[in-house]
Amino acid sequence: SHAMAPPDKEGGSSAPLATLYVGDLHPDVIEQHLQEKFSSFGLVAMIHVCRDSVTRKSLGYAFVNYYSHKDAEQALEKLNYSDIRGRCCRIMWNKKEKQVFVDPAANIFIKNLDVAVDSRALYDTFNIFGNIMSCKVACDREGVSRGYGFVQYESADAAKQA
C-alpha cells in the first residue's frame, strides 16, 4: 500500500515535506514516543531519531516530517518545550526547511535569569518582539538553570527591539 498524498496539492506527492528538528531529547526516546505526540497535529510522513552509527545510542535529537506545513507549524507551536519522557524538548524548523541564513545580530544572550525561568518562559517572554527560531536556557546536568540563556530571532530587527 502506498502513502496517501495530501489532497490539497496538485500533482500529489511532489509537495516537499515540512521538517521539524526536535532536540534535547531523553536518550530513551524512540520514534514511537514521538509518533504518539506529533501525530495528533496531522499526518506524519516520517520520524527519525538520530543515532550513533556504531552504538545505536540516541544522539538526543530527531526529525519529524509532516505532509502539511500547517500541521508542522501547529506542532511546533503546541509541543515546543513540552515534556517527552521527563525532559523538555526543543523544536525548531529544520535548517534546510526555511533556508534561513542566520544573522549573528539576530542572536541575543540573556543573563541574570531567575532559576525558575525555563526555556518555555523565556520563549513566551521574548516572542512578542518577533519570530523566534531557537531559544534555550542553559542548564547543568541535573537540569537546573545556570541563570543565562539565548534567544535567536529570525531577524536582527526583532533582536534589536528585544
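Before any of the text, the structure's been laid out above.
Keep in mind that this is a model prediction, so the values were computed, not measured.

Colleague: Give me the lowdown on the overall build of the chain, citing residues and values where you can.
Modeller: Scanning the chain for helices and strands turns up five helices and nine strands. The order of α-helices and β-strands along the chain, N terminus first, is β-α-β-β-α-β-β-β-α-β-α-β-β-α. Sorting the 162 residues of the chain into buried and exposed places 38% on the buried side. A total accessible area of about 9,800 Å² is found for the chain, and carbon and sulfur atoms account for 52% of it.

Colleague: Give me the environment of Asn94: which residues, what numbers.
Modeller: Looking at the element boundaries, Asn94 is found in the loop between strand S6 (90-93) and helix H3 (95-98). Through-space distance from the C-alpha of Asn94 to that of Thr19 is 5.6 Å; in sequence the pair is 75 residues apart. Each residue touching Asn94, except ones within four places of it in the same chain, is listed here: Thr19, Leu20, Tyr21 and Phe63.

Colleague: Hey, could you go over the state of the cysteines for me, with residue numbers and the actual values?
Modeller: Evaluated as defined, the whole model comprises zero disulfides. Of all cysteine sulfurs, the one in Cys89 lies closest to Cys88, which takes part in no disulfide; the gap is 7.0 Å. Cys88 gets classed as partly exposed once you look at its relative accessible area, which sits at 39%.

Colleague: Outline the sheet that holds strand S2 (residues 44-51), supporting the account with residue identities and numerical values.
Modeller: Across the sheet, which stays open at both edges, the four strands sit in the order S2-S3-S1-S6 with antiparallel pairing between neighbours. The sheet is open, and its two edges are formed by S2 and S6, each paired on a single side. When the angles between neighbouring strand axes are averaged without regard to direction, this sheet yields 20°. For strand S1 (residues 18-23) and strand S3 (residues 58-66), the ladder comprises five bridges, and the chain directions are antiparallel.

Colleague: Can you tell me about the environment of Ser145, naming the residues and giving the values?
Modeller: Looking at where Ser145 falls in the secondary structure, it is placed in strand S9 (residues 145-153). Taking the relative accessible area as the measure of exposure, Ser145 reaches 12% and is therefore buried. Taking the C-alpha atoms as reference points, Ser145 and Ala116, 29 residues apart in sequence, are found 7.6 Å from one another. When sequence neighbours within four positions are dropped, the list of residues in contact with Ser145 reads Asp114, Val115, Val117, Val137, Ala138 and Cys139. Within polar-contact distance, the side chain of Ser145 engages the backbone nitrogen of Gly147 at 2.9 Å.

Colleague: A description of the environment of Asn80 should follow, citing residues and the corresponding values.
Modeller: Along the polypeptide, Asn80 turns up in the loop between helix H2 (69-79) and strand S4 (83-84). Taking the relative accessible area as the measure of exposure, Asn80 reaches 6% and is therefore buried. Along the backbone, Asn80 and Val22 are 58 residues apart, and their C-alpha atoms lie at a distance of 8.5 Å. With residues near it in sequence (within four places) discarded, Asn80 still touches Ala75, Cys89, Arg90, Ile91, Arg120 and Tyr123.

Colleague: Give a description of helix H4 (residues 119-126) that names residues and reports values.
Modeller: Buried within H4 we find Ser119, Leu122, Tyr123 and Phe126. Buried residues along H4 cover an arc of 100° about the axis, so they all sit on one side. Looking at the packing, one finds that the buried side of H4 touches strand S7 (107-111), strand S8 (132-139) and S9.

Colleague: Lay out the pairing of S8 in plain terms, naming residues and giving numbers.
Modeller: In terms of burial, S8 is a largely internal element, six of the eight residues being buried. Both S8 and S9 contribute to a ladder of six bridges, which runs antiparallel. When the sheet's bridge partners are listed, Val137 is paired in S9 with Gly149. The hairpin formed by S8 and S9 contains five residues between the paired strands, and Gly143 there has a positive phi angle of roughly 85°.

Reading guide: rules and limits
- Residues numbered from 1 in each chain as written.
- Predicted model: local features only at pLDDT ≥ 70, side-chain atom pairs only at ≥ 80, totals over all residues.
- Heavy atoms only, no water.
- Helix = DSSP H or I, 4+ residues; strand = E, 2+ residues; numbered from the N terminus.
- Buried < 20%, exposed > 50% of the residue type's maximum accessible area, 1.4 Å probe, protein only.
- Areas by Shrake-Rupley, 256 points an atom, 1.4 Å probe, with all protein chains shown as cover.
- Contact = heavy atoms within 4.5 Å.
- Disulfide = S-S within 2.5 Å.
- Pairing = 2+ DSSP bridges.
- Axes fitted to C-alpha atoms, helices over the stretch in contact; angles between N-to-C directions.
- Polar contact = N/O pair within 3.5 Å; in protein donor to acceptor, adjacent residues only side chain to side chain.
- Arc of directions from axis to C-beta.

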